[in-house]
Amino acid sequence: MNESAETTVRHRIDYTGAKMGMWIFLFTEVLFFGSLFLLYSVFRDKYTAEFHKAATELDIVLGTANTAILLTSSMFMATSITLVRKGKYGLSIFCQAATILLGIVFLINKYIEWGVHISHGIYPNSPALLEMSRGKIIFFSLYYVMTGLHGLHVLIGVFVISGTLLFTARRKINETDFVKLENTGLYWHFVDIVWIYLFPLFYLIT
Amino acid sequence: MTEKESQVQAIGPKAYIVVWLCLLALTATTVTVARLHLTAYAVIASIFIATAKAALVVTFFMHLRREPWILKIMLFLALLALTLIVLLTFSDVWIRYK
């Protein structure tokens, strides 16, 4: 690659910079979600038994399904970049569409889950929730804040990947200029990692 | 694209499928372990498995293994910062409330 023309070299420098910028943004996200996980850890340390009881209200099957869905979407996302780099645009668009679709399915599952809790009267500041013990109130508050913020990240990801899909279709993302897609992929995988931790901490502690 | 460039290219779809299968297997493992009700060890086990999954995603899907060393150090420092924040907070929680 080094012996290529100067333009290629300049492009490669930009490429590295763009990717490093994305990683730095992800580090801020690590601290953002990290602080919420810290809050969770401190309260769980204090209200261990109540957290375990509250977690039984969550649907392990839906949680596991959503884990598999996000992992699969990540696999499609990673593959779409490899395909663009090989010039296989049609297949890459297919993989990006699959990622978007799985992201939407994830959100639908989340909607169903939240719907069930809300129908049981458990939602922020609800009378039924406020009558519960302190540990349970904190568990559900953290559950809504953390899965809500994560869901928001998934929603943003769905919109951004829709953008990269259009860019790929118009060849603005192509085999020599694919950093937009790659950075979108980095974001999507990060969102996946957040869920990898959310899943056991909320669903599997019964 | 030259022959040389395609050799330095990203990890192929086959490797991604293998990583994906490993991730699904680890998910099945963590669910199974949680059902064993190991109580005290359950948390450690689930965090350990989650970290293994995260490492797979970072290494292969985010292809950190092919990135320059500076990026690896940056990630290390970010995680170190988070670890320090967690340890400092817990040192306070444990000393004052226990």
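Each chain has its residues counted from 1, following the order in which its sequence is written. Each chain takes a letter, starting from A, and each ligand takes a number, starting from 1, following the order in which they are written. Only residues with pLDDT of at least 70 get local features here, since the model is predicted, and only at 80 or more are side-chain atom pairs given and counted; chain-wide, interface and lining totals rely on the full set of residues. Excluded from the side-chain calculation are hydrogens and water; included are all heavy atoms of the structure.

Participant: Could you give me a rundown of the overall build of chain B, with the residues and numbers involved?
Facilitator: For the purposes of this entry, the term helix denotes a DSSP run of H or I that reaches at least four residues, the term strand denotes a run of E that reaches at least two, and both are numbered from the N terminus. Counting its secondary structure elements, chain B contains four helices and zero strands. For chain B, the N- to C-terminal ordering of α and β elements is α-α-α-α. Throughout, exposure labels follow a simple rule: accessible area from a 1.4 Å probe, protein chains only, divided by the maximum for the residue type, with under 20% read as buried, over 50% as exposed, and the rest as partly exposed. Within the span of chain B, comprising 98 residues, buried residues form 35% of the whole. We call two residues contacting when some pair of their heavy atoms lies within 4.5 Å. Put simply, 63% of the contacts in chain B that link residues at least 6 apart link residues at least 24 apart. We get accessible surface area from the Shrake-Rupley algorithm with a probe of 1.4 Å; when it comes to residues, only the shown protein chains can shield them. Accessible surface computed for chain B: about 6200 Å², of which carbon and sulfur atoms make up 75%.

Participant: An account of the overall build of chain A is needed here, citing residue identities and associated values.
Facilitator: Within chain A, the regular secondary structure consists of seven helices and zero strands. The dimensions of chain A, computed from C-alpha atoms along their principal axes, are 70 × 30 × 25 Å. Burial statistics for chain A: of 206 residues in total, 51% are counted as buried. For chain A, contacts bridging at least 24 residues in sequence account for 82% of all contacts bridging at least 6.

Participant: Could you give me a rundown of empty space enclosed by the protein, with the residues and numbers involved?
Facilitator: Here a cavity means grid points, on a 1 Å grid over the protein atoms only, where a 1.4 Å probe fits yet cannot get out; a pocket means an open set of points with protein on both sides within 12 Å along at least five of seven lines; lining residues are those with an atom within 4 Å of a point. Grid points are joined across faces, edges and corners, and a volume is the space filled by probe spheres set on the points. Tallied over the entire structure, the rule returns one cavity of 30 Å³ or more. In this structure, the largest cavity occupies an estimated 60 Å³ of space. Residue lining of the largest cavity: Pro-200, Leu-204 and Ile-205 of chain A together with Thr-30, Val-33, Ala-34, Ala-42, Ala-45, Ser-46 and Ile-49 of chain B, and that is the complete set. At the level of secondary structure, the elements contributing two or more residues to the lining of the largest cavity comprise helix H2 (13-35) and helix H3 (40-61) of chain B. Note on residue categories: nonpolar means Ala, Val, Leu, Ile, Met, Phe, Trp, Tyr, Cys or Pro, charged means Asp, Glu, Lys or Arg, and polar means any other residue, Gly included. Residue composition of the lining of the largest cavity, by class: eight nonpolar, two polar and no charged.

Participant: Which residues make up the layout of surface pockets, and what values do they have?
Facilitator: The space that makes up the largest pocket amounts to roughly 1200 Å³. Lining the largest pocket are 34 residues, with Phe-37 and Tyr-197 of chain A together with Ile-47, Thr-51 and Leu-82 of chain B positioned closest to its centre. Taken together, the elements giving at least two residues each to the lining of the largest pocket come down to helix H1 (6-46) and helix H7 (179-203) of chain A together with H3 and helix H4 (69-97) of chain B. No other element matches H1 of chain A, which puts 13 residues into the lining of the largest pocket. Each residue belonging to the lining of the largest pocket can be placed in one class, and the counts come to 26 nonpolar, five polar and three charged. Domain start and end points were adopted from an automatic or database domain assignment. Structurally, the lining of the largest pocket is a two-domain feature, drawing no fewer than three residues from each of domain 1 (1-66) and domain 2 (68-98) of chain B.

Participant: Quick one: what's the story with the interface of chain A and chain B, residue by residue and with numbers?
Facilitator: In this complex, chain A contributes 42 residues to the contact, which on the side of chain B involves 46 residues. When a carboxyl oxygen of Asp or Glu lies within 4 Å of a side-chain nitrogen of Lys or Arg, that pair is called a salt bridge. Seen at the junction of chain A and chain B, the total is one salt bridge. Of the charged contacts in the structure, one is a salt bridge between Glu-67 of chain B and Lys-19 of chain A, with a shortest N-O distance of 2.8 Å. Think of a polar contact as two N or O atoms within 3.5 Å of one another; within protein, one of them needs to be a possible hydrogen donor and the other a possible acceptor, and neighboring residues in sequence only count if both atoms come from side chains. In this assembly, chain A and chain B are joined by four residue pairs in polar contact (both at pLDDT 80 or more).

Participant: Run through the pattern of salt bridges, naming residues and quoting values.
Facilitator: Close approach of charged atoms allows side chains of opposite charge to pair. Scanning all chains against the criterion turns up four salt bridges over all chains. Sharing partners across several salt bridges, the network here consists of Lys-19 and Glu-182 of chain A together with Glu-67 of chain B.

Participant: Before we move on, can you summarise the packing of helix H4 (residues 89-119) of chain A against helix H6 (residues 134-169) of chain A with the specific residues and values?
Facilitator: Residues and elements named next belong to chain A. Only the stretch in contact is used when a helix axis is fitted, and all axes are lines through C-alpha atoms; the angle between N-to-C directions ranges over 0 to 180 degrees. The contact between H4 and H6 brings their axes to 9 Å, and the two run at 155 degrees. Relative to H6, the element H4 is oriented roughly antiparallel. Note on packing geometry: the crossing formed by H4 with H6 is left-handed. Its residues assigned to classes, the contact of H4 with H6 comprises 17 nonpolar, 12 polar and two charged. Roughly parallel covers angles under 35 degrees, roughly antiparallel covers those over 145, roughly perpendicular covers 65 to 115, and oblique covers all other angles. Note: crossing handedness is left-handed where the near helix turns anticlockwise from the far helix by less than a right angle, and right-handed where it turns clockwise.

Participant: An account of the packing of aromatic side chains is needed here, citing residue identities and associated values.
Facilitator: All names here are of chain A. A pair of aromatic rings is counted whenever rings of Phe, Tyr or Trp (Trp by its six-membered ring) have centres within 6.5 Å, and the orientation is called stacked for planes under 30 degrees apart, edge-to-face for over 60 and tilted otherwise. For the structure on display, the rule yields 20 aromatic pairs over all chains. A ring pair is formed by Phe-51 and Phe-139, whose centres lie 5.3 Å apart and whose planes are at 80 degrees; its orientation type is edge-to-face. Of the two residues, Phe-51 sits in helix H2 (residues 48-55) while Phe-139 sits in helix H6, which places them 88 residues apart along the sequence. There is no split in this pair, since Phe-51 and Phe-139 are both buried. Ring centres 5.7 Å apart and planes at 35 degrees place the aromatic pair Phe-199 and Tyr-203 in the tilted group. Of this pair, Phe-199 and Tyr-203 are both found in helix H7, four residues apart, which corresponds to roughly one turn of the helix. The class for Tyr-203 is buried, based on a relative accessible area of 0%. Among the aromatic side chains, those forming a connected cluster through ring pairs are Tyr-40, Phe-51, Trp-114, Phe-139, Phe-140, Tyr-143, Tyr-144 and Phe-202. Criterion for a charge above a ring: Lys NZ or Arg CZ within 6 Å of the ring centre, and within 35 degrees of the ring normal. A cation over an aromatic ring shows up here: Lys-180 above the ring of Phe-167, its NZ or CZ 5.4 Å from the ring centre.

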